[in-house]
Structure formats: C-alpha cells, structure tokens
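Here are the chains, one letter per residue:
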Amino acid sequence: MYEEFKSGKIPYIHCSCGHNFFYPRDRCPKCHGSSLEVRISSGEGTVFSFTEFGQGVYAIIEMKEGFRLYANVRGKVKIGDKVRVIPGNGRPEFEKVEDK
Ligand SMILES: [Zn+2]
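Overview of the structure.

Definitions and cut-offs
Along every chain, residues carry numbers that run from 1 in the direction the sequence is written. pLDDT decides what is reported in this predicted model: residues at 70 or higher carry local features, side-chain atom pairs at 80 or more are listed and counted, and totals for whole chains, interfaces and linings draw on all residues regardless. Values shown for side chains rest on all heavy atoms present in the structure; no hydrogens or waters enter the calculation. Each metal site lists N, O and S donors within 2.8 Å (3.2 Å for Na, K and Ca). With water left out of the atoms, a site can look as if it is missing ligands. Here a site with four donors is tetrahedral if all angles are between 85 and 135 degrees, and a site with four or six donors is square planar or octahedral if opposite donors are over 155 degrees apart and the other angles are between 65 and 115; anything else gets the irregular label. Only runs of H or I of at least four residues qualify as helices and only runs of E of at least two qualify as strands under DSSP, and these elements are numbered from the N terminus. Relative accessibility under 20% of the residue-type maximum defines a buried residue, over 50% an exposed one, and the middle range a partly exposed one, all with a 1.4 Å probe and only protein chains included. Any two strands with at least two DSSP-identified bridges between them are counted as paired. All axes are obtained by fitting lines to C-alpha atoms, using only the stretch in contact for helices, and the reported angles, taken between N-to-C directions, cover 0 to 180 degrees. Stacked, edge-to-face and tilted are the three classes for Phe, Tyr and Trp ring pairs, Trp counted by its six-membered ring, which pair at centre distances within 6.5 Å; planes under 30 degrees apart are stacked, over 60 edge-to-face, the rest tilted. Note on criteria: charge over ring means Lys NZ or Arg CZ within 6 Å of the ring centre, with the direction from the centre no more than 35 degrees off the ring normal. To qualify as a nonpolar core, a set must consist of buried Ala, Val, Leu, Ile, Met, Phe, Trp, Tyr and Cys residues joined through side-chain atoms within 4.5 Å. When checking whether two residues touch, look at their non-hydrogen atoms; a contact exists if any pair is within 4.5 Å.

1. A look at the coordination of the zinc ion
Next, step 1: Ligation of the zinc ion by protein atoms is provided by Cys15 (SG), Cys17 (SG), Cys28 (SG) and Cys31 (SG), these donors lying 2.3 to 2.4 Å from the ion.
Next, step 2: Coordination at the zinc ion comes from four donor atoms whose angles at the metal span 105 to 117°, giving a geometry best classed as tetrahedral.
Next, step 3: Mapping the donors of the zinc ion onto the primary sequence gives the spacing C-x1-C-x10-C-x2-C. Taken together, the residues Cys15 in strand β1 (residues 11-15) and Cys28 in the loop between β2 (20-21) and β3 (36-40) connect sequence positions 13 residues apart.
Next, step 4: When its relative accessible area of 1% is taken as the criterion, Cys15 is described as buried.

Here it is in structure tokens:
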C-alpha cells in the first residue's frame, strides 16, 4: 500500500456498503463488514481544515471520494479551497487548484 504513496497516488479502502475510508482496517468502520477493496483516489479534494507552520501548511483534506487525510499543502490555502495531489516522493503532498 505504501508503494502507492511513492508514486503520488492515494489509495483508500472501499467497502461494499459504499463507505470509503483511508486508514487500512480489517473491517469497515461503518458497517463492520469485511468486503473491502483498495482503490486509487482521483487525487482531488477540498481543504477541510489546516494549520500553518513556518513555510508550510498542514491540512486535513476531504477527498472527492469522501474520506479525509492529513497532508502537506504547497503554498497558502484556505478552508474550502480545491486541491490536488502532487506526484511525490514518499508522503502525499497537495497543491491548490487555481480558480478558473
Ligand atoms: Zn461498510
């Protein structure tokens, strides 16, 4: 699973009940079912919450698929901004999607 992060992709777990979640578990946290599969996120999300530290931003991203994760974001963002994952080298990192 961690190999996927190195390619800049974000895997998540999809349950047959329709619930998507991020942290790997044996059972779905919603229905406790075990009919789970790994899927790859679109890499698109929205800033749910963030903290600035030094030059960086650390945010909770709500992904299009409905799960949330913590990640670094390049540049300045605010809550509600659209972001997308940058193909990275280890940990997922996001950048703001500029408004058109
Ligand atoms: Zn479920």
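2. Observations concerning the sheet that holds strand β7 (residues 82-86)
Paired through their backbone hydrogen bonds, the strands of a sheet run either parallel or antiparallel.
Next, step 1: Spatially, β4-β5-β6-β8-β7 is the arrangement adopted by the five strands of the closed barrel, whose pairing is mixed. The mean inter-strand angle of the sheet, taken between neighbouring strand axes irrespective of direction, is 50°.
Next, step 2: Relative to strand β6 (residues 68-74), strand β5 (residues 56-63) runs antiparallel, the two being bridged by six bridges. Bridge pairing links Val57 to Val73 in β6.

3. A few points about the packing of aromatic side chains
Next, step 1: Tallied over the full model, the rule gives four aromatic pairs.
Next, step 2: Ring centres of Tyr58 and Tyr70 lie 5.9 Å apart, and the angle between their planes is 15°; this geometry places the pair in the stacked category. Pair noted here: Tyr58 is in strand β5 and Tyr70 is in strand β6, with a separation of 12 residues, a long-range link.
Next, step 3: By relative accessible area, which is 28% here, Tyr58 ends up partly exposed.
Next, step 4: Taken together, the aromatic side chains of Tyr12, Phe22, Tyr23 and Phe67 make up a single cluster linked through ring pairs.
Next, step 5: Positioned above the aromatic ring of Phe48 is the side chain of Arg68, whose terminal nitrogen or guanidinium carbon lies 3.7 Å from the ring centre.

4. Some thoughts on the nonpolar core
Next, step 1: Counting 16 residues, the largest nonpolar core has Ile10, Ile61, Leu69, Val73 and Phe94 as the members making the most contacts within it.
Next, step 2: Looking at this core, the elements with two or more residues in it are β5, β6 and β7.
Next, step 3: Broken down by element, the residue count for this core peaks at four residues, all from β5.
Next, step 4: Among all residues touching Ile10, those that are not within four sequence positions of it are Phe22, Arg39, Ile40, Ser41, Met63, Phe67, Leu69, Val85, Pro92 and Phe94.

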